[in-house]
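Each chain is listed here by its residues.
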Amino acid sequence: MLNRILQDRVATLLIVTLAVILTIGAIAPGFLSVQTASSIWSSAMVLLCVAIGLLPVLLMRQIDVSGGSVLGLSAVVIGLSLQAGFALPLAIALALLSGIGAGLLNGLLVTGLGVPAIVATLGTLGLFRGVMLIATGGKWIENLPSDLKSLAASGTLGLSPLGFAVIALIVLGWFALQSRRGQWLKAIGDNREAARHLGLPVKRLELGGFVFAGFCSALAGIIFAAQIGFIPNQAGNGIELRAIAALVLGGVSLLGGVGRISGAVIGVLFLTSIDTALIFLKIPAFWNDLVGGALLLGVLLIDGRLRLLIERRDRAARHRHTQSAKTEGTA
């Protein structure tokens, strides 16, 4: 049973998530509804994009903490572009390009100049945030056009056009990680030097990972702007830490080489379900971070204890096997 839990962390987290939802549903009748499920999905879309973008970077044992700033910068780009009279498709393209450019800068700093990823992305986190504030003069961007907001409005099957885009991103991400190149990312995370000796294009894949993270954060920025209809000057602030927390919850290792797209999805849905439940239970929003952090610590502590139990059990089994072999040899 313990082996099953550790081998399928995603299934375990899914069971925990369903248990939490059912418990809250028992406490607060009305929580278990299609409307609540739709609200959780809608609230999760922004965090999902940032987390999915970060996944390949973590798989290669790198880190990117600039996702929130890229989100804010891209949201500002689409907001200012629309206010300048640009057509919506062109404004979306400019926002996505800004995210790709930000990811490319991160990637070049890490793979080209050899700057440690945490240092490089901490620096660009402040850089992108500064550009965003200078561009807006520190003011909010308001009165965004209705055609942008319509992208976040429910339509077919209760999903918005941007909801379908996020589902497409999840599906494409799943197929990409199942491919041979997707497995290369895990090989790099497992042993970078060995991957290089095997001839894998390590730096090129790492650069691509950072660019993909920038693209996904830009998509998150577009969704953010479309959902709330304005852009505050703190847009995206701190979301990268929640994305990392969701990925760790979903079984993604910060040491690289381990992680699945399903883990990213379940981890994000778990955190978002907690946020939605707190709102439903009319608990003040400032409890969200405390509850989310406590749950993350709890899961990690339980996971660590279970691994220790498995290691002790395996050592004991090996010891018994060795003693048995010695006894048979003596006989």
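These figures come from a predicted structure and were not determined experimentally.

Definitions and cut-offs
- Residues numbered from 1 in each chain as written.
- Predicted model: local features only at pLDDT ≥ 70, side-chain atom pairs only at ≥ 80, totals over all residues.
- Heavy atoms only, no water.
- Axes fitted to C-alpha atoms, helices over the stretch in contact; angles between N-to-C directions.
- Helix = DSSP H or I, 4+ residues; strand = E, 2+ residues; numbered from the N terminus.
- Parallel < 35°, antiparallel > 145°, perpendicular 65-115°, else oblique.
- Contact = heavy atoms within 4.5 Å.
- Salt bridge = Lys/Arg side-chain N within 4 Å of Asp/Glu carboxyl O.
- Buried < 20%, exposed > 50% of the residue type's maximum accessible area, 1.4 Å probe, protein only.

Moving on, we come to the packing of helix 8 (residues 161-178) against helix 9 (residues 180-190). Axis separation between helix 8 and helix 9 bottoms out at 4 Å; the angle between their running directions is 75 degrees. As the angle between them shows, helix 8 and helix 9 are arranged roughly perpendicular. Between helix 8 and helix 9, the residues in contact are Ala176, Leu177 and Gln178 and Arg180, Gly182, Gln183 and Leu185, respectively.

Quick look at the pattern of salt bridges now. Opposite charge on two side chains permits them to pair, given that their charged atoms come into close proximity. Here the structure, examined in full by the defined rule, presents three salt bridges. Between Asp275 and Arg242 there is a salt bridge, with the nearest N and O atoms lying 2.6 Å from each other. Within this pair, whereas Asp275 is found in helix 13 (residues 261-280), its partner Arg242 is found in helix 12 (residues 239-249), the two being separated by 33 residues in sequence. For Asp275, a relative accessible area of 16% corresponds to the buried category.

Now for unusual backbone geometry. Backbone geometry places Arg61, a non-glycine residue, at a positive phi of 60 degrees. Inspection of the secondary structure assignment puts Arg61 in the loop between helix 3 (34-59) and helix 4 (67-83). Given a relative accessible area of 46%, Arg61 falls into the partly exposed group.

Geometric values such as these leave the question of function open.
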